[in-house]
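For reference, the chains in residue letters:
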Amino acid sequence: MTEEIPPGGRVLFIGDSITDAGRNRERSDDLGGGYAMMASAWFTARHPQHAVTFLNRGVSGDRVRDLRARWNDDCLRLAPQVVSVLIGINDTWRRYSADDPTTVEEFERDYRHILDLTRRRLDAAVILIEPFLIPLDDGQRAWREDLGPKADVVRKLAVDFDATLVTVDHLFGAGTADEQVWTADGVHLTQPGHALLAQQWLRAVAARDLATAPTAVP
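To keep things clear, this report deals only with the structure shown in the data block. (Residues numbered from 1 in each chain as written. Predicted model: local features only at pLDDT ≥ 70, side-chain atom pairs only at ≥ 80, totals over all residues. Heavy atoms only, no water.)

Some details on unusual backbone geometry
Point 1. The backbone of A51 sits at a positive phi, close to 50°, despite the residue not being glycine.
Point 2. The topology assignment puts A51 in the loop between α2 (35-46) and β3 (53-58).
Point 3. If you check the backbone angles, D162 has positive phi at about 50° while not being a glycine.
Point 4. In this fold, D162 is placed in the loop between α7 (144-160) and β6 (164-166).
Point 5. According to the relative accessible area criterion, D162 is exposed, its value standing at 51%. (Helix = DSSP H or I, 4+ residues; strand = E, 2+ residues; numbered from the N terminus. Buried < 20%, exposed > 50% of the residue type's maximum accessible area, 1.4 Å probe, protein only.)

So, in structure tokens, the structure goes:
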């Protein structure tokens, strides 16, 4: 499924550090240096007449419970027409780094809650980016035991909420490229990694035809 971005619309990227990508919190319009910035730049270059506003509310370290806590301020209050969510790797990582797991049931409960709020409060298209991992060693490969069921939840939620699903995990594992082309630590992306994710995100969206866009009432 392809989501149409309306002329003059607002697109919100929200999630964890992969979305955050070092954005400047003192500037509400700063997109950071990652896939959100790249995707917005390419979309605007292709469709400058659409005058779409792109926003980034990624926060490093966030789990889905953190998104739930700030959803009103960082999503609903901004009234976007497209909401793009990437979350899940910290819900897995904390199990191994701090013995602080998020169960699959908790993950689905909180994720479903924010999507339900979005459907009830906003007339917005939803894009869900499947959480991914680029393991560099056997220890990280073991994380898939935890991340896999959470990725399954995201796929299920995409169906339940008629959302567009963006998958990228398989792309990072394709071909013969060394994993460190895409990541330095198995989780955070290099610039080529962000570029690959941005390209995949752009495949999931289209610019709504200006000729069919509703005319604003004066």
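Side note on the nonpolar core
Point 1. Of all hydrophobic cores here, the largest spans 37 residues; its most connected members are I18, L197 and W201.
Point 2. Looking at this core, the elements with two or more residues in it are β2 (10-15), α2, β4 (82-86), β5 (125-129), α9 (191-203) and β7 (205-207).
Point 3. Counting residues in hydrophobic clusters, the runner-up holds 27 residues, among them C75, L76, F107 and V154. (Core = buried A, V, L, I, M, F, W, Y, C linked by side-chain atoms within 4.5 Å.)

A few points about the pairing of β4
Point 1. Along β4, five of the five residues are buried, which leaves the element largely enclosed by surrounding structure.
Point 2. Neither face of β4 is left uncovered, since the one carrying V82, S84 and L86 and the one carrying V83 and V85 both have all their residues buried.
Point 3. One ladder, built from five bridges, connects β2 with β4; its direction is parallel. The residue of β4 that forms the bridge with V11 is V82.
Point 4. In this structure, β4 lies alongside β5, joined through five bridges in parallel fashion. Note on β5: the bridge partner recorded for V83 is V126. (Pairing = 2+ DSSP bridges.)

Everything listed is a geometric property; what it means functionally is a separate question.
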